[in-house]
Amino acid sequence: MADKIYRVNMSNLSFSIEEVPQNWMGLGGRALTSTIVAAEIDPECHPLGPNNKLVFAPGLLSGTTAANSGRNSCGSKSPLTGGIKESNVGGTSAGIMAKLGIKALIIEGLPKNDETFYRLHVTKDNVEFIEAPELVGKDNYAVLDEMLEKYNKKVAVMSIARPGEMKMLTANISVKDPGGKLRSHGRGGLGAVMGSKKIKCVTIDAEKYKEVTIADPEKFKEASKVFTKALQENPISGEGLPAFGTNVLVNILNEAGGLPTRNFREGTWEHAEKISGETMAENIKARGGKTTHGCHAGCVIQCSQVYNDKDGSYITSGFEYETIWALGAHLGIQDLDLIAKMDGLMDDLGLDSIETSVALGLAVDAGILEYGDGQRAYELLADELANGTPLGRIIGSGTHLIGRLYGLVRVPTVKGQAMPAYEPRAVKGQGVTYITTPMGADHTAGYAVATNILNSGGHVDPLKKDGQVELSRNLQIASAAVDSTGMCIFVAFAALDDPKCLPSLIDMINARFGTSLTGDDVTGLGARILKLERDFNTKAGFTPADDRMPEFMKYESLPPHNVTWDFTNEEIDAFWDF
Ligand code: SF4
């Protein structure tokens, strides 16, 4: 049976199941969510008003046995940036949607009765709208427990916590992973959009699904073997990430002078070792946690982990470099266990841990807390932000707004979104990605760290501007394509280094759908999606002046390499010449 579009209208609590339009047929993941957003959302609409939509779409290979293919995309107009947003996640939702034949789930409108929250229960051919006053004021794990008790244990759960109900710009959408923990559509305030639609959670039934059909199973199996081998034999995806998680990057970036420290004042931190991937792995092993863990079924890289406290009790999982950096070098907390506790709290509260933690670091410059005061930072989350006090709402509004409210000049944001853990002056390719991606500062949009620092796909000197625009452009086009397949972005390391990896990925797509796509077709798709996203932003009011680095990075030189952001506007604007 052909895949369908499930469309939910919250203004009259109705749904329809529609045929997939011809021009959406060959699309999945980010390609599909961004295409639907561009086609159906007025770029000038208020992101929390009746004309914004939330669009979920599994990737082209989601639901298959292809390694690392279980990511789900969410697209919308972002209330944080005011531009287009795509944020993809592991967990169980993509596989279940694909197996139910849901090509995309589009949620539109706002309910007339905004006195309560609803939950949606999606099954094969049906969507139930259920008033859920009993869930209001509850956070993600409580909601998850109730849903797992109500339905079978395999049900996919996508939920918001109190910050999402309050439409905070740092709120994300959390998704159950196979181990019953949480992953997130993290960036851009998508949880606020779900909150505006008065949806507390969406459950997707896993009982009546069928395995996805494969047009040429033999060819698929062969290609899948080659692809998996390429991931496992790559030194980064086969060794570094499984051993230390993404947090392997603390020591690497620190040594490279690209670890943003004390709100982007320096590129190295004297306490980096205390929060490093190596320290984390030692703690995990000593405390009976797990150094390897997949955020979705079929992940062969397993960069996630389970981190326990000294007594062996669970604190957090999916403990990522970007969060550890923001609470560590950026905000000054040296205690990895406290950082883990804050990470677990942000999972439960459904907060973008990058935006929130960078905002906490900026709160130091605003005089709200002191550098390194982890206990107070924890209280700000647990007491102020979770309860929506005025101070909590300030922090929950994100980095850019704290800067404006407190008259700060050193505000590390692009298009209103906080920069993640890579110093753009010392990792210049990553800087080009931050300022040019239509998503706002986002490391995953074009991970130039790979070639600048990790020597994956060759080497481009991170401290010089030569070749960086071209590098970022190629990576952003490739990432837009990879995000459309449902693949985790970490397949990129093998794709950059192993000539067999990308062809085997394309072979799997062709074997799944009976198509004959070439490498050029896939690259062409990535380029088209990137331009379509840029076009949405232009219609929303963005101009080339929004593709700029915060000014302080142009005149403050960054130790230890004493580098500044030295690109001309013309050099940056040339990014779009393709
Ligand atoms: S490598 Fe990491 S992010 Fe990618 S699918 Fe596996 S656990 Fe998830």
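Just above, that's the structure.
Read on for an overview of the structure. (Residues numbered from 1 in each chain as written. Predicted model: local features only at pLDDT ≥ 70, side-chain atom pairs only at ≥ 80, totals over all residues. Heavy atoms only, no water.)

Around the ligand, a shell composed of 13 residues is seen, among which C295, H296, C299, C303 and C488 lie nearest. Residues of the shell around the ligand, tallied by class, amount to six nonpolar, six polar and one charged. (Near = heavy atom within 4 Å. Nonpolar A, V, L, I, M, F, W, Y, C, P; charged D, E, K, R; others polar.)

Cis geometry is adopted by the peptide bond preceding P560, which originates at P559 and carries an omega value of 5 degrees. Mapped onto the secondary structure, P560 falls in the loop between helix 22 (552–555) and helix 23 (569–573). Look at D125: it is not a glycine, yet its phi comes out positive at around 70 degrees. Here D125 lies in the loop between strand 7 (118–123) and strand 8 (126–131). By relative accessible area, which is 44% here, D125 ends up partly exposed. (Helix = DSSP H or I, 4+ residues; strand = E, 2+ residues; numbered from the N terminus. Buried < 20%, exposed > 50% of the residue type's maximum accessible area, 1.4 Å probe, protein only.)

It is worth spelling out helix 1 (residues 29–40) at this point. Across its 12 residues, helix 1 extends 16 Å between first and last C-alpha, which sits within 8% of the 16 Å expected from 1.5 Å per residue. Taking burial as the measure, the 12 residues of helix 1 include nine buried ones, the bulk of the element. Regarding helix 1, the residues found buried are G29, R30, A31, L32, T33, S34, T35, I36 and V37. Lining the buried residues of helix 1 we find strand 3 (53–58), strand 4 (72–77), strand 5 (84–89), strand 6 (102–108), helix 18 (468–485) and helix 21 (519–540). (Expected span 1.5 Å × (residues − 1). Contact = heavy atoms within 4.5 Å.)

This next bit is on the pairing of strand 15 (residues 314–317). Strand direction decides the pairing type here: strand 14 (residues 304–308) and strand 15, joined by three bridges, are antiparallel. Residue pairing in the sheet places V306 in a bridge with S317 of strand 15. Once strand 14 ends, the chain turns through five residues before running back antiparallel as strand 15, passing G312 with a positive phi of about 85 degrees. (Pairing = 2+ DSSP bridges.)

Below, the discussion takes up the packing of helix 10 (residues 321–330) against helix 11 (residues 336–349). Running from N to C, helix 10 and helix 11 point in directions that differ by 125 degrees, and their axes come no closer than 10 Å. Taken together, the axes of helix 10 and helix 11 are oblique relative to one another. Once helix 10 is placed against helix 11, the crossing between them reads as right-handed. Contacts between helix 10 and helix 11 involve T323, I324, L327 and G328 from the former and L336, I339, M342, D343 and M346 from the latter. For the contact of helix 10 with helix 11, the residue count by class is six nonpolar, two polar and one charged. (Axes fitted to C-alpha atoms, helices over the stretch in contact; angles between N-to-C directions. Parallel < 35°, antiparallel > 145°, perpendicular 65-115°, else oblique. Left-handed = near helix turned anticlockwise from the far one by under 90°.)

F227, Y321, W325, L360, Y422, M487 and M508 are the most contacted members of the largest nonpolar core, which has 106 residues in total. The greatest single-element share of this core, amounting to eight residues, is contributed by helix 11. Every residue in contact with F227, bar those within four places of it in the chain, is listed here: A67, M487, V491, C501, S504, L505 and M508. Membership of the second largest hydrophobic core comes to 30 residues, among which are M97, L105, Y118 and A156. (Core = buried A, V, L, I, M, F, W, Y, C linked by side-chain atoms within 4.5 Å.)

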